[in-house]
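Here's the letter readout for the chains.
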Amino acid sequence: MEFRWSLVWDSLPTLLTGAKLTLQLTSVSVFFGIIIGTFAGIARLSKGPFRYLAAAYIDVIRGTPLLVQTFIVFYGIPGLIQRPIPAYAAAVLTLSINSGAYVGEIVRAGIQSIDPGQTEAASSLGLSAFQTMRHIILPQAFRRIIPPLGNEFIALLKDSSLVSIIALEELVRKGQIIIGRTFRPFEVWLAVAFIFFIMTFAISRLIAVIERRMMPHA
Amino acid sequence: MPNTPILSVQNLFKSFGDLTVLQGVSLEINQGEVVVIIGPSGSGKSTLLRCLNYLEEPSGGTVYFQGNPIRPRQNLRRIRQEIGMVFQNFNLFPHLSVLKNITLAPCLVRKTAPEASREQALELLGKVGLEEKASSYPTELSGGQQQRVAIARALAMNPQVLLFDEPTSALDPEMISEVLDVMKALALEGQTMVVVTHEMVFAREVGQRVLFIDEGVIVEENSPGQLFQNPKKARTKKFLSKIL
């Protein structure tokens, strides 16, 4: 059975609409993941009761498979609340919560990497804890965590293929659909892999550029 | 209350775990005074200074600011606005320009208008001889320049008292004098200062009162002339003989 390039070309338009959804899902989820993760990371370093909550969240999410989390959100919760959750919403919810846990650890490490002298200087000037976090610690921490955040984005982009299981037509699901029609798994999966690689490679280059732009003074 | 000391410390104790660093220190800092704290490393002098604005919370005893006891949950933030601090490692904010380093606290804490705080910052930079560095970033400056910016940053809050924690210890020798000169000028203007330092020439020339601290207690306290020429305690003599 010879390799059919024409099949790769023909399936590209369909695959690319899937890739678009993959990219969109991942971007939205990482955006929410960064918000959730920032709070989780700060809470984990706080002295109040929230730190146990944040630690539990991070441990549980990182200690369970994303696939199982997807099932819980898409099949489990609708039973509980007596109404269905649309596949897209379920996917974004799952991926955001999942990403938030990993980003939480990244943010925690980023904050801890800032010299305690920065906090001392800020408090000696009379800044509140919130002002210190907002104006001194987080701006510096975020610059440092751009590389690990980029890795998280790439990891989530690849992991997002798992939500194909709830029939969301992202890149992998599109591949499955084409194969169902053509019975040519090799060409199609190769094309899918190639598109994933182009996306992750482009993102890692982009992150490198952002990193260089933001680094000169810190 | 002209006679109330700006800072007064009563029977201050500080321990880190099993290690007791300060064992019952009492002192007063009056308006316009330049008090220099000297002592061997590990004597507790930096810890004492850091207890004055509660960067270290004392294990016992009380610190009064203008007669009011410092209470961390009630008045600490307000009092810290009146107590400037200059650190050994400068601790400038590396992500902010020199100008922003200086205007940040007045804008956020004192709610000074941006334009007014900018003008004040430029004036302070002129005072420390760095007006042309306003738009530079801390990493672009030498150590001595960074420390002068740090002094300007502390001054921007118009503090009642300035604390200096070994301000020249992290500097290359050729940069020490530019920082000491700025500090000397401040002292002449009547700025109240508490200075922990190893610079004995500075202590002698600028200090009005010198405290010698060893093993967590004030061993001896006198005018610089008396303390350096005529130390009364054996420990003071021993320390001075090693460093002078």
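Reference entry: report on the structure contained in this document. (Residues numbered from 1 in each chain as written. Chains lettered and ligands numbered in written order. Predicted model: local features only at pLDDT ≥ 70, side-chain atom pairs only at ≥ 80, totals over all residues. Heavy atoms only, no water.)

**Concerning the overall build of chain A**
Okay, step 1: The helix and strand tally for chain A stands at eight helices and zero strands.
Okay, step 2: Start at the N end of chain A and walk to the C end: the helices and strands fall as α-α-α-α-α-α-α-α.
Okay, step 3: With the principal axes as the frame, chain A shows a C-alpha extent of 75 × 50 × 20 Å.
Okay, step 4: Sorting the 218 residues of chain A into buried and exposed places 47% on the buried side.
Okay, step 5: Split by element, the accessible area of chain A, about 11,400 Å² in all, is 69% carbon and sulfur.
Okay, step 6: Averaging the coordinates of the 19 positive side-chain charges in chain A and doing the same for the 12 negative ones gives two points 5 Å apart. (Helix = DSSP H or I, 4+ residues; strand = E, 2+ residues; numbered from the N terminus. Buried < 20%, exposed > 50% of the residue type's maximum accessible area, 1.4 Å probe, protein only. Areas by Shrake-Rupley, 256 points an atom, 1.4 Å probe, with all protein chains shown as cover. Lys, Arg positive; Asp, Glu negative; His and termini not counted. Charge placed at Lys NZ, Arg CZ, Asp CG, Glu CD.)

**Considering the overall build of chain B**
Okay, step 1: Per the secondary structure count, chain B includes nine helices and 10 strands.
Okay, step 2: Radius of gyration (C-alpha) of chain B: 18 Å, near the 18 Å computed for a compact globule of 244 residues.
Okay, step 3: Projected onto the principal axes, the alpha-carbon positions of chain B cover approximately 55 × 45 × 40 Å.
Okay, step 4: Looking at the 244 residues of chain B, the share that counts as buried comes to 57%.
Okay, step 5: Pairs at least 24 apart in sequence give 66% of the contacts found in chain B among residues at least 6 apart.
Okay, step 6: Taken as a whole, chain B presents about 10,600 Å² of accessible surface, with 46% of it coming from carbon and sulfur. (Rg over C-alpha atoms; globule rule 2.2 N^0.38 Å. Contact = heavy atoms within 4.5 Å.)

**Some details on the side chain of Asn-98 of chain A**
Okay, step 1: Within the element layout of this structure, Asn-98 of chain A appears in helix α4 (residues 87–112).
Okay, step 2: Not counting residues within four places of it along the chain, the set of residues in contact with Asn-98 of chain A comprises Ile-61, Leu-66, Gln-69 and Leu-156 of chain A.

**What to know about the sheet that holds strand β4 (residues 60–65) of chain B**
All names here are of chain B.
Okay, step 1: As summarised here, the arrangement of the four strands in space is β2-β1-β4-β5, forming an open sheet in which the pairing is antiparallel. The open sheet terminates on both sides in strands that have one partner only, identified here as β2 (19–29) and β5 (68–69).
Okay, step 2: The pairing of strand β1 (residues 7–16) with β2 spans eight bridges and is antiparallel. Looking across to β2, one finds that Leu-7 is bridged to Ile-29.
Okay, step 3: On the sheet, helix α1 (residues 45–52) packs against β1, β2 and β4 and is oriented at approximately 120° with respect to β1. (Pairing = 2+ DSSP bridges. Axes fitted to C-alpha atoms, helices over the stretch in contact; angles between N-to-C directions.)

**Side note on the nonpolar core**
Okay, step 1: In this structure, Leu-127 of chain A together with Leu-7 and Leu-163 of chain B are the most contacted members of the largest nonpolar core, which totals 52 residues.
Okay, step 2: It is helix α6 (residues 129–159) of chain A that provides the largest number of residues to this core, a total of six residues.
Okay, step 3: With residues near it in sequence (within four places) discarded, Leu-127 of chain A still touches Ala-122, Thr-132 and Ile-136 of chain A together with Arg-77, Leu-104, Ala-105, Leu-108 and Val-109 of chain B.
Okay, step 4: Counting 47 residues, the second-largest nonpolar core is a separate cluster that includes Ile-102, Ala-134, Ile-151 and Leu-240 of chain B. (Core = buried A, V, L, I, M, F, W, Y, C linked by side-chain atoms within 4.5 Å.)

**Description of the interface of chain A and chain B**
Okay, step 1: Counting from both sides, the interface comprises 20 residues of chain A and, opposite them, 25 residues of chain B.
Okay, step 2: With both sides pooled, the region where chain A packs onto chain B buries about 2,000 Å², and carbon together with sulfur makes up 60% of that total.
Okay, step 3: If you look at where chain A meets chain B, you find one salt bridge.
Okay, step 4: For Glu-120 of chain A, the salt bridge goes to Arg-50 of chain B, with nearest N and O atoms at 2.7 Å.
Okay, step 5: In this structure, the connection of chain A to chain B is made through eight residue pairs in polar contact (both at pLDDT 80 or more).
Okay, step 6: Of all the elements, helix α5 (residues 116–124) of chain A adds the most residues to the side of chain A that touches chain B, at seven residues.
Okay, step 7: Across the side of chain A that touches chain B, the residue classes tally to seven nonpolar, 10 polar and three charged. (Buried area = accessible area lost by both parts, 1.4 Å probe. Salt bridge = Lys/Arg side-chain N within 4 Å of Asp/Glu carboxyl O. Polar contact = N/O pair within 3.5 Å; in protein donor to acceptor, adjacent residues only side chain to side chain. Nonpolar A, V, L, I, M, F, W, Y, C, P; charged D, E, K, R; others polar.)

Nothing here speaks to function; it is all geometry.
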